[in-house]
Amino acid sequence: MPGLIERYRDRLPFAPGDPVVSLQEGSTPLVPAPQLSERVGAQVWLKVEGANPTGSFKDRGMTCAVSAAVREGATAVICASTGNTAASAAAYAARAQITGAVIVPEGKIATGKLAQALMHGARVIALRGNFDQALELVRELSANHPIALVNSVNPFRLEGQKTASFEILDEIGPIDALCIPVGNAGNITAYWKGFQEMGSAPRMHGFQAAGAAPLVSGQRVEHPETVASAIRIGNPARWEEAMTAMRDSRGGVEAVSDAQILDAYRFLAAREGVFCEPASAASVAGLLVHGAPEGARRIVCVLTGHGLKDPQVALEQSGSVVPCEPDIAAVERAVLG
Ligand code: AN7
């Protein structure tokens, strides 16, 4: 499949002949979830965004943000990130042969994401602070220097991310509800934009981690905490737009506890064969805890990032290995016992 810009150019702000920085992102699997469907009494699909080139949905936004930056003559891009935006920005900057710089909260991003950002050659800055502070700082920095800001405050990010809605509609037609994790609130805003552009209006149900749920409480969270490090965000940049999307679609926003997130995370891996990262499982946790929205028969849960991003949480949440001596009797006991 071609990348997003090529595939959906008629619905994106790119003209033929504009530079395109792509890793053939998008066109991700929409996998039926029979076990989940049975548990909630509705037909449920999983939009597996971990199948994007860097393992998260951020690549959809990044192909557009970096292509636009190159079109404008930028030679460097920067972002604040809980990890996935950093990995994606680093990869697309490498692809475009421009400088990438990422500011992440020190010690609070998953191992895989850090490895990606470093491997792609970005300058990785570990901030002694949280994501919200990092975002404030990069906004200030990019206002004063010729560096393109590629966080989802950049409108091109939303343009790219809205294409996930197009793919859902192209593949299975209209749905009743979308369940999606919410951190900085760019993705839910983008999905709603995409659905609306296609004359579709599923209910948008956003889910936040209980320790980082400003949209639920209506108040900024000064010290957000959750095992789902990707959505450890206390002051979402797209706060108003996300609330509008959920209100206008007759959806809503709810909190799910870390325990509920981890239950859904293990369930998806062990029962559906789909391994996502903890933040992604918030969408399914929300569906399991709150049930299918009234009257909703066709539901898509967005799994925003791949499980391999965060091997540490995975190992903490899974069973142990079976040690074994190299002889057949021991192997028989180990395998069959
Ligand atoms: C796996 O990478 O904010 O509500 O800096 O990585 O659009 O922010 C990541 C967010 C959900 C929330 N799932 O999406 C970042 C960052 C995963 C994520 C979200 C993120 P938004």
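Conventions used here
Residues numbered from 1 in each chain as written. Predicted model: local features only at pLDDT ≥ 70, side-chain atom pairs only at ≥ 80, totals over all residues. Heavy atoms only, no water. Axes fitted to C-alpha atoms, helices over the stretch in contact; angles between N-to-C directions. Helix = DSSP H or I, 4+ residues; strand = E, 2+ residues; numbered from the N terminus. Parallel < 35°, antiparallel > 145°, perpendicular 65-115°, else oblique. Contact = heavy atoms within 4.5 Å. Nonpolar A, V, L, I, M, F, W, Y, C, P; charged D, E, K, R; others polar. Near = heavy atom within 4 Å. Polar contact = N/O pair within 3.5 Å; in protein donor to acceptor, adjacent residues only side chain to side chain. Areas by Shrake-Rupley, 256 points an atom, 1.4 Å probe, with all protein chains shown as cover. 1 Å grid on protein atoms, 1.4 Å probe; cavity = no way out; pocket = protein on both sides within 12 Å on 5 of 7 lines; lining within 4 Å. Sits in = over half its atoms within 2 Å of the grid points. Buried < 20%, exposed > 50% of the residue type's maximum accessible area, 1.4 Å probe, protein only. Pairing = 2+ DSSP bridges. Right-handed = clockwise from strand over helix to strand, strands pointing away. Points joined across faces, edges and corners; volume = space filled by probe spheres on them. Domains from an automatic or database assignment. Core = buried A, V, L, I, M, F, W, Y, C linked by side-chain atoms within 4.5 Å. Salt bridge = Lys/Arg side-chain N within 4 Å of Asp/Glu carboxyl O.

A. Up close: the packing of helix α12 (residues 258-272) against helix α13 (residues 278-290). Two elements in contact, α12 and α13, have axes whose closest approach is 7 Å; the angle formed by their N-to-C orientations is 100°. The pairing of α12 with α13 is recorded here as roughly perpendicular in orientation. Contacts between α12 and α13 involve Gln260, Ile261, Ala264, Tyr265 and Leu268 from the former and Pro278, Ala281, Ala282, Val284, Ala285, Leu288 and Val289 from the latter. Residue composition of the contact of α12 with α13, by class: 11 nonpolar, 1 polar and no charged.

B. Examining the site of the ligand more closely. In the vicinity of the ligand, 24 residues are found, and the nearest of them are Asn84, Asn184, Ala185, Asn187 and Thr304. Thr82 is positioned such that a nitrogen or oxygen atom in its backbone is 2.8 Å from an oxygen atom of the ligand. Taking Ala185, its main chain carries an N or O atom lying 2.8 Å from an oxygen atom of the ligand. For the ligand, the accessible surface in isolation is 470 Å², of which the surrounding protein chains cover 99%. With respect to the pocket detection grid, the ligand is positioned in the largest cavity.

C. Representation of the environment of Leu288. For Leu288, the position within the fold is in helix α13. Linking Leu288 and Ser81, residues 207 residues apart in sequence, is a C-alpha distance of 28 Å. Residues within four places of Leu288 in sequence aside, it is in contact with Leu36, Arg39, Val40 and Ala264.

D. Summary view of the pairing of strand β7 (residues 177-181). Of all the 5 residues making up β7, 5 are buried; the element is thus mostly covered by neighbouring parts of the structure. Burial along β7 is two-sided: the residues Ala177, Cys179 and Pro181 and Leu178 and Ile180 are all buried. Bridge analysis of β7 against strand β8 (residues 203-209) gives 5 bridges, and the strand direction is parallel. Within β8, the residue paired with Cys179 across the bridge is His205. Once the chain exits β7 it traverses helix α9 (residues 186-197) before rejoining the sheet at β8, and the crossover so formed is right-handed. Alignment of β7 against strand β10 (residues 298-303), held across 3 bridges, turns out to be parallel.

E. Spatial organisation of empty space enclosed by the protein. According to the stated counting rule, one finds 1 cavity of 30 Å³ or more in the structure shown. Estimates place the volume of the largest cavity at around 310 Å³. As for the largest cavity, its lining consists of 27 residues, and the residues nearest its centre are Phe57, Lys58, Gly183, Asn184 and Ala230. Those elements giving two or more residues to the lining of the largest cavity turn out to be α4 (84-96), α7 (155-161), β7 and α9. Residue contributions to the lining of the largest cavity peak at 3 residues, all from α9. When residues of the lining of the largest cavity are sorted by domain, at least three fall in each of domain 1 (4-56 + 156-316) and domain 2 (58-154).

F. Fine view of the sheet that holds strand β5 (residues 123-127). What the 4 strands build is an open sheet, ordered β5-β4-β3-β6; its pairing is parallel. The open sheet terminates on both sides in strands that have one partner only, identified here as β5 and β6 (148-149). Where strand β4 (residues 99-105) and β5 come together, 5 bridges link them in parallel fashion. For Pro105, the partnering residue across the bridge sits in β5 and is Leu127. Packed on one face of the sheet, helix α6 (residues 131-144) meets β3 (76-80), β4, β5 and β6 and runs near 150° to β3.

G. Main features of the nonpolar core. Leu36, Leu46, Val284, Leu287 and Ile299 are the most contacted members of the largest nonpolar core, which has 35 residues in total. The set of elements that each furnish at least two residues to this core consists of α2 (34-40), β2 (43-48), β7, β8, α12, α13, β10 and α14 (311-317). Sequence-distant contacts of Leu36, that is, excluding residues within four places in its chain, are made with Val44, Leu46, Phe267, Glu272, Val284, Leu287 and Leu288. Judged by nonpolar contacts, the second largest core, of 31 residues, contains Cys64, Cys79, Ile109 and Phe156.

H. Here's a closer look at the pattern of salt bridges. On inspection of all chains with the given rule, the structure shows 17 salt bridges. Glu225 serves as the salt-bridge partner of Arg232, at 3.2 Å between the closest nitrogen and oxygen. In this structure Arg232 comes out as buried when scored by relative accessible area, which is 10%. When the shortest N-O distance is used, the salt bridge between Arg266 and Asp263 registers 2.5 Å.

I. Highlighting unusual backbone geometry. Of note in this structure, Ser27 is not a glycine but carries a positive phi near 50°. Residue placement: Ser27 occurs in the loop between α1 (4-7) and β1 (30-32). Look at Ser27 and you get partly exposed, because its relative accessible area is 27%. The phi angle at Gln97 is positive, at roughly 60°, despite the residue not being glycine. Its relative accessible area of 73% is what places Gln97 among the exposed residues.

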